[in-house]
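Residue-level listing of the chains:
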Amino acid sequence: MANWRDVFGHDEPYDEQVDGIETAIETARDGGYTVIEGACGTGKTMLALSAGISLVRDPDTSFERVLVLTSVKQQLRQFETDLQTINEALPTEHEPVSGLTLVGKADVCPYNRERAAGFDDATVYDRCETLRDRTRDLTGEGGSTTTGDLTARARSQQVGLADSGRRDRGVRLLETAGETAPFAPEIPAYDDGRSEIEYCPFYAQYLGDLPAEGEGSPVEAVPFDLTSAGMVTPGELVARSIRHGTCPHSVMGAALGEVEVVIGNYYHAFDPTTLAAFTGALASSETFVVCDEAHMLEPRVRDLVSEGVADTTIRDAVAELSRVIRPVRYDREGRAVEGGSKTADADLVRAELAGSDVSFEELEATLEFLSELRAELDRRVTAHLDADHPGWRSDLTDLPDAEIPLRDPGEPAVDELSEWGERAGYTDVHWVRAESVGAVVARILNEAEDEERTRAAPAVGRVLGEWNRRGHTDYFREIELERTWDETEPADSWRRAYTARLALHNCVPSGAIGERLAAFGGGILMSATLAPMDAFAEVTGLRYLDREADRPVVERRYGLHFPEQNRESFAVAAPKFTYGNRGSPGGGVPGDAGTAGDGTIPAESNGGAGGDEPNETRRAYADALSRIGALPGNVLVGMPSYAEAQWAADVLDERLTEKPVLLDVASDDGATESLKDEFFDGDGKVLVTSLRGTLTEGVDYSGDRLNAAVVCGVPIVNTQSPRTQAVRRAYDDEFGSGFEYALTVPAVRKARQAVGRVIRSPDDVGVRVFLDERYARDSWDSVRGYLPNAEEYQPVSPDMLQLGLDRFADRLDPA
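Here is what the cut-offs are and how they apply
- Residues numbered from 1 in each chain as written.
- Predicted model: local features only at pLDDT ≥ 70, side-chain atom pairs only at ≥ 80, totals over all residues.
- Heavy atoms only, no water.
- Helix = DSSP H or I, 4+ residues; strand = E, 2+ residues; numbered from the N terminus.
- Rg over C-alpha atoms; globule rule 2.2 N^0.38 Å.
- Buried < 20%, exposed > 50% of the residue type's maximum accessible area, 1.4 Å probe, protein only.
- Expected span 1.5 Å × (residues − 1).
- Pairing = 2+ DSSP bridges.
- Axes fitted to C-alpha atoms, helices over the stretch in contact; angles between N-to-C directions.
- Contact = heavy atoms within 4.5 Å.
- Arc of directions from axis to C-beta.
- Parallel < 35°, antiparallel > 145°, perpendicular 65-115°, else oblique.
- Left-handed = near helix turned anticlockwise from the far one by under 90°.
- Nonpolar A, V, L, I, M, F, W, Y, C, P; charged D, E, K, R; others polar.
- Salt bridge = Lys/Arg side-chain N within 4 Å of Asp/Glu carboxyl O.
- pLDDT = per-residue confidence, 0-100.
- Core = buried A, V, L, I, M, F, W, Y, C linked by side-chain atoms within 4.5 Å.
- Phe/Tyr/Trp six-rings, centres within 6.5 Å; stacked < 30°, edge-to-face > 60°.
- Lys NZ or Arg CZ within 6 Å of the ring centre and 35° of its normal.
- Disulfide = S-S within 2.5 Å.
- Right-handed = clockwise from strand over helix to strand, strands pointing away.

Each helix and strand counted, the protein has 32 helices and 23 strands in total. Over its C-alpha atoms the protein spans a radius of gyration of 29 Å, differing by no more than 12% from the 28 Å that the globule rule assigns to 815 residues. Counting only C-alpha atoms and orienting by the principal axes, one finds that the protein spans roughly 90 × 75 × 65 Å. Here the protein, with 815 residues, has 53% of them falling under the buried criterion.

Listed below in structure tokens is the structure:
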């Protein structure tokens, strides 16, 4: 079935979909990528799936699967829905397209989903690995029992207790995803004659279902037919798995390489740890990759390929090294080791070291190095606080988040921590060998304590090795201080108020992105906001594929094809919404760290709007927001920061007496979802949010859910941040366009994403407004040139905005 129309899920494609699908297929056959900027309503999801699936089902290609990557949960669900639509529309003679959504252990572990047996999101990974190891030890070669015996014990225990009428003991079965498991919510234990060993009955069932080594594939342990299952969502995966009593996460791994469409997030293709442990086999020439919301590819991957280690993790690594070193030291001195069986003994340590390339002297040297490194970290944080916040010890509750750069971010040079190490006599060997030492320490402790869990020493060693190996232009090193509270720390210690972290930031992730994209056979990168295309191709490494790897990169751009009379778009020439013009909003909000939200840091006073009386700029914005907010239906207001969102909400709440005003603040997913539901429910409202939040990207406002959207200012990130300055300098060196590529282009994309929420279908009607003269006029800092459809946004003065709104209303309803 090579014809893409056979898998297209709707009756007739748009013209843009026809062009996009055929371009993507032709380009992928040559090992290339198609870059698509498609306005909302282009049908990009169906376009990408149709192109990829047709290539997978074409016997003349080497493609075996489609891997979809998206950074937004809303879009992940859209791919699931579209794949289900494809299957419903398939001719009866064709098998359904098999699909699987990848999620983490926390989302599919039956115990964790129900918070049973003491599981929670913070501990699920370590507890899972420990239980898996114990289950394998009990049933593997030389083990004391079988997988069948373990699952039978876990099942019969509950049946026996239930039959005996002991309901008063709380006998019950674990229920989740609408299904009942054959096991209790408590972790069962196996008595091997010496002690009771906890194990996972779900994992035991999975091991029992696996074919013997060399006699089959792990997919044989999947308890349902993948070829007929169609799209399997995480909830369905859990339900199907626990109905059989098997481990959903293990089933996911077994099915991973067998389905035609895999849906995940950027972690599954770009995070080195995830690739090594779970999804590495997908990064091959047999995979057609789809990067959705591709405007987020660069910042998301930058985070994934950056490194860091917390002060507390270094502390734990020091403790782990001490627990390994102490037995040998005490043995040499003829002293008994305190701590009993939970401490490694000298013979075990020596035996493990003998089988490695790490010496006992290296253990001692690494312990000294990490102890001194932590002391130096303490000294630098203390010096920073003494300089910037004199008297900080008297009030630890009033300290802001902070960055302490370890070099001038605008002048690449060796960082100060590396220079400290050299002065202190710690050579490259100490930094690099910490990784090998950490691995040995973890192995010794896991053996001694009979508990396989994540140890601190390997993580610290890996980061220190990278710290030493990486360059000083593409990478920026700093100490990050994040507000927290730890009552166990001394009352006058910064560690009571802060979590400190040594951070190694990858300023230019284009190499990492390009290298990973080169591993796939081809694909599509798509978003509603990619322009300017040249900048996108540079920062994502696509230029390397095109120029150096001789793999074609083809660009397509599709604008809105919905009726123009249904929308009106304005660029209002209000004074620039910068801190220098508008002044203070009259106070900040928790979590905003005092940033102005336009790339500047507020000064104590600069002639702005301090106090209760707004200045001319704020009055202009208050008037414009009130006019737009008074429009019929739901209105979305995007501000450059949460502090400015608070100001706008206060203004609108005072002026719009007959229309509810909702304020989004920095919060968890649950609170955000509740706020969104409240906005959608009932009559029209105004929702005010920060453009740094989650409500201006990837949220479906189709139909009458949104009638107008306004963006105030250009949401450039804080330019005073050392990290931002380092990225800008690195981009200057790499691309010659630091401010443009690192700051202006991402800011305009965020603004375009917000106003793009309004028109999502041919029937949607609404108003889109950019409020700031930089969108309306050409000037040295104008961003109008970054709007690919700038002609649609009519430049108007603030006093003419109401006339424009009235004319649009009259056009819709001439009566």
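The end-to-end C-alpha separation of helix 29 (residues 722-735) is 20 Å, in line with the 20 Å expected for 14 residues at 1.5 Å each. Turning to helix 29, its buried residues number three or more, namely Pro722, Thr724, Ala726, Val727, Ala730, Tyr731 and Phe735. In the segment just after helix 29, glycine 736 is the residue with positive phi, at about 75 degrees.

Attention now goes to the sheet that holds strand 19 (residues 661-663). The strand order 19-20-18-21-22-17-23 describes an open sheet built from seven strands, whose pairing is parallel. Across the chains shown, the open sheet's two edge strands, defined by having one partner strand only, are strand 19 and strand 23 (794-796). Within the sheet, the average angular offset between the axes of one strand and its neighbour, ignoring direction, is 20 degrees. One ladder, built from five bridges, connects strand 21 (residues 708-712) with strand 22 (residues 766-771); its direction is parallel. Residue pairing in the sheet places alanine 709 in a bridge with arginine 768 of strand 22. Sheet contacts for helix 26 (residues 616-629): strand 18 (635-639), strand 20 (686-690), strand 21 and strand 22; angle to strand 21, the most-contacted strand, approximately 165 degrees.

Looking at helix 22 (residues 510-519), one finds that the buried residues are Ser510, Ile513, Gly514 and Leu517. Here the buried residues of helix 22 occupy an arc of 95 degrees about the axis, which is enough to place them on one side.

Among the secondary structure elements, lysine 676 is positioned in helix 28 (residues 669-680). For lysine 676, a relative accessible area of 9% puts it in the buried group. In this structure lysine 676 touches Leu695 and Val699, once residues within four positions along its chain are discounted.

What follows is about the packing of helix 16 (residues 346-354) against helix 19 (residues 428-449). Contact geometry of helix 16 with helix 19 gives a least axis separation of 10 Å together with a crossing angle of 140 degrees. With respect to helix 19, the element helix 16 is oriented oblique. Seen along the crossing, helix 16 lies across helix 19 with a hand that is right-handed. For the pair helix 16 and helix 19, contact is made by Leu348, Val349, Glu352 and Leu353 and by Val440, Arg443, Ile444, Glu447 and Ala448, respectively. Residues that form the contact of helix 16 with helix 19 fall into these classes: six nonpolar, no polar and three charged.

This paragraph deals with the pattern of salt bridges. On inspection of all chains with the given rule, the structure shows 57 salt bridges. Two residues, aspartate 781 and lysine 576, come together in a salt bridge whose shortest N-O distance is 2.9 Å. Here aspartate 781, found in the loop between helix 31 (773-776) and strand 23, pairs with lysine 576, found in the loop between strand 17 (567-572) and helix 25 (579-582); they are 205 residues apart in sequence, far enough to count as distant. Take lysine 576: its relative accessible area is 16%, and that puts it in the buried class.

On average, residues of the protein score 91 in pLDDT, and 93% of them reach the 70 mark or higher. A low-confidence stretch, residues 160-168 (pLDDT under 50), is modelled with five contacts involving residues beyond four sequence positions or located in other chains. Across residues 603-611, where pLDDT falls below 50, the model places 12 contacts with residues more than four positions away in sequence or in other chains.

Next up on the list: the nonpolar core. Among the nonpolar cores identified, the biggest contains 70 residues, and Tyr111, Phe202, Phe270, Leu517, Leu525 and Leu542 are the most heavily contacted of them. Here the element with the most residues in this core is helix 8 (residues 201-209); it accounts for five residues. Among all residues touching leucine 517, those that are not within four sequence positions of it are Tyr33, Phe270, Cys291, Leu525, Thr540, Leu542, Leu545 and Arg551. In this structure, Leu321, Leu417, Tyr426 and Ala434 belong to the second largest nonpolar core, which totals 55 residues.

Here the focus is the packing of aromatic side chains. For the structure shown, the criterion picks out 19 aromatic pairs. Each ring, one from tyrosine 111 and one from phenylalanine 119, has its centre 5.5 Å from the other, and the planes form 25 degrees; the classification is stacked. The same class applies to tyrosine 111 as to phenylalanine 119, namely buried. Both rings, one in tyrosine 266 and one in phenylalanine 270, keep their centres 6.3 Å apart while their planes meet at 80 degrees; by these two values the pair is edge-to-face. On the basis of relative accessibility, which here comes to 4%, the residue phenylalanine 270 falls in the buried class. Pairwise contacts between aromatic rings join Tyr111, Phe119, Phe183 and Phe202 into one cluster. A cation over an aromatic ring shows up here: arginine 240 above the ring of phenylalanine 224, its NZ or CZ 5.0 Å from the ring centre. The residue whose ring lies beneath arginine 582 is phenylalanine 577, and the NZ or CZ to ring-centre distance is 4.4 Å.

Attention now moves to the sheet that holds strand 1 (residues 33-38). In spatial order, the strands read 8-3-9-2-10-15-1-16; together these eight strands make up an open sheet with parallel pairing. At either margin of the open sheet sits one strand with a lone partner, and together these are strand 8 (231-232) and strand 16 (553-558). The pairing of strand 1 with strand 15 (residues 522-527) spans five bridges and is classified as parallel. Bridge pairing links valine 35 to leucine 525 in strand 15. Here helix 1 (residues 15-29) sits on the sheet in contact with strand 1, strand 10 (287-291), strand 15 and strand 16, set at roughly 175 degrees to strand 16.

What follows deals with the packing of helix 26 against helix 27 (residues 642-655). Between helix 26 and helix 27, whose axes approach to 10 Å, the crossing angle comes to 60 degrees. The angle between helix 26 and helix 27 falls in the class oblique. Taken as a pair, helix 26 and helix 27 cross one another with a handedness that is right-handed. Taking contact as the criterion, the partners of Arg618, Tyr621, Ala622, Asp623, Leu625 and Ser626 in helix 26 are, on helix 27, Glu644, Trp647, Ala648, Val651, Leu652 and Arg655. Looking at side-chain class alone, the contact of helix 26 with helix 27 contains seven nonpolar, one polar and four charged residues.

Let us look at the environment of cysteine 247. Residue placement: cysteine 247 occurs in the loop between helix 10 (234-244) and helix 11 (248-255). On a C-alpha basis, the gap between cysteine 247 and aspartate 623 in space is 58 Å, while along the polypeptide they are 376 residues apart. In this view, cysteine 247 contacts Arg132, Phe202, Tyr203, Tyr206 and Ser241; residues no more than four positions away in its chain are not counted.

Right, let's talk about the state of the cysteines for a bit. Scanning all chains against the criterion turns up zero disulfides. The cysteine cysteine 109 is free of any disulfide, with cysteine 128 supplying the nearest cysteine sulfur at 6.3 Å.

The next thing to look at is the pairing of strand 20. A regular strand places its side chains so that they alternate between the two faces of the sheet. Among the five residues in strand 20, five count as buried, and that is most of the element. Judged by which residues are buried, strand 20 turns out to be covered on both faces: Val686, Val688 and Ser690 on one side and Leu687 and Thr689 on the other are all buried. The pairing of strand 18 with strand 20 spans five bridges and is parallel. Each bridged residue has a counterpart across the sheet, and for valine 637 the counterpart in strand 20 is valine 688. Across three bridges, strand 19 lies against strand 20 in parallel orientation. Of the residues in strand 20, the one forming a bridge with leucine 662 is leucine 687. In this region the chain leaves strand 19, passes through helix 28 and returns to the parallel neighbour strand 20; the handedness of that crossover is right-handed.

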